[in-house]
Amino acid sequence: MKVKQIYDDVIKKDVTRYILEALPDWFEIPEAREEYIQDSKEKIFFCAYVDDKPVGFIYLKQTGKDTVELAVMGVLKDYHRQGIGKALFENCKSKASQMGFLFLQVKTVQMGKYEDYDKTNMFYKSLGFKEFEVFPTLWDECNPCQIYVMAL
């Protein structure tokens, strides 16, 4: 497995579409998925490859003068629990720090709502994110938004 930073917006969109469409358990709403695809342009973007096949990606978006957000991340299910997500994250974290950002945040569904998202929460905690705040209705009542943060 190798991780590369991607600069070409067409490749970013293609990779994002390929991975997210393969992950309907997390990205089932077509409009939200399409928004992630379109928003990949001009973002800090990394892709993980196995045998030249994209198996995961991550991108960051700036949310403040000193803060970036892990906007979206996806790893094909057959490649879960192989260190790919962590490798993608470490590349982004390093890049964000080099660029002078001081904080990194991520949003997900609050722990205890859905098993798949509980695994996501545990993954973010394993990376060193700390619980910051829950917004019960930011997305909707069925999906309370948990924000995690870390200092870079």
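Residues numbered from 1 in each chain as written. Predicted model: local features only at pLDDT ≥ 70, side-chain atom pairs only at ≥ 80, totals over all residues. Heavy atoms only, no water.

Student: Where do I start with helix α1 (residues 9–21) in this structure?
Tutor: Every α-helix winds through 3.6 residues per turn, so residues three or four apart in the chain are directed the same way. The first and last C-alpha atoms of α1 sit 18 Å apart over 13 residues, in line with the 18 Å expected at 1.5 Å per residue. Taken together, the buried positions of α1 are occupied by K12, V15, T16, I19 and L20. For α1, the buried positions fall inside an angular range of 115 degrees around the axis, keeping them on one side. On its buried face, α1 sits against β1 (2–6), α2 (30–39), β2 (44–50), β3 (53–62) and β4 (67–75). Capping of α1 at its N-terminal end is provided by D8; its side-chain oxygen lies 2.8 Å from the backbone amide nitrogen of V10. (Helix = DSSP H or I, 4+ residues; strand = E, 2+ residues; numbered from the N terminus. Expected span 1.5 Å × (residues − 1). Buried < 20%, exposed > 50% of the residue type's maximum accessible area, 1.4 Å probe, protein only. Arc of directions from axis to C-beta. Contact = heavy atoms within 4.5 Å. Polar contact = N/O pair within 3.5 Å; in protein donor to acceptor, adjacent residues only side chain to side chain.)

Student: Explanation requested: a nonpolar patch on the surface in the structure shown.
Tutor: On the surface, F135, L138 and W139 cluster together to form a nonpolar patch covering roughly 290 Å² of accessible area. Within the fold, W139 resides in strand β6 (residues 130–140). (Patch = residues over 30% accessible without salt bridge, like charges linked within 9 Å, V, L, I, M, F, W, Y side chains within 5 Å. Areas by Shrake-Rupley, 256 points an atom, 1.4 Å probe, with all protein chains shown as cover. Salt bridge = Lys/Arg side-chain N within 4 Å of Asp/Glu carboxyl O.)

Student: Hey, could you run me through the pattern of salt bridges in this one?
Tutor: Two side chains carrying opposite charge are able to pair once their charged atoms lie near each other. Here the structure, examined in full by the defined rule, presents 9 salt bridges. Salt-bridge contacts for K12 lead to D9; the nearest nitrogen and oxygen are separated by 3.5 Å. Linking K12 with D9, this pair stays in helix α1, spanning 3 residues, or about one helical turn. On the accessibility criterion, D9 (25% relative accessible area) is partly exposed. One salt bridge in this structure joins D25 and K77, with 2.7 Å as the shortest N-O distance. Within this pair, whereas D25 is found in the loop between α1 and α2, its partner K77 is found in the loop between β4 and α3 (84–98), the two being separated by 52 residues in sequence. Accessibility expressed as a relative area gives 40% for D25, which makes it partly exposed. In this structure K77 comes out as partly exposed when scored by relative accessible area, which is 46%. Three or more residues joined by partner-sharing salt bridges are found here, namely R17, E21 and E34.

Student: Any chance you could explain the sheet that holds β4 here in plain terms?
Tutor: Two orientations exist for strands paired in a sheet by backbone hydrogen bonds: parallel and antiparallel. Taken together, 7 strands build an open sheet; the order of strands is β1-β2-β3-β4-β5-β7-β6 and the sheet is mixed. Across the chains shown, the open sheet's two edge strands, defined by having one partner strand only, are β1 and β6. With strand direction ignored, the average angle separating the axes of adjacent strands in the sheet is 25 degrees. Inspection of the sheet shows β4 paired to strand β5 (residues 103–109) by 4 bridges, in the parallel sense. Within β5, the position partnered with L70 by the bridge is V106. With respect to the sheet, helix α4 (residues 115–127) is in contact with β4, β5, β6 and β7 (143–151), its orientation differing from that of β5 by roughly 165 degrees. (Pairing = 2+ DSSP bridges. Axes fitted to C-alpha atoms, helices over the stretch in contact; angles between N-to-C directions.)

Nothing here speaks to function; it is all geometry.
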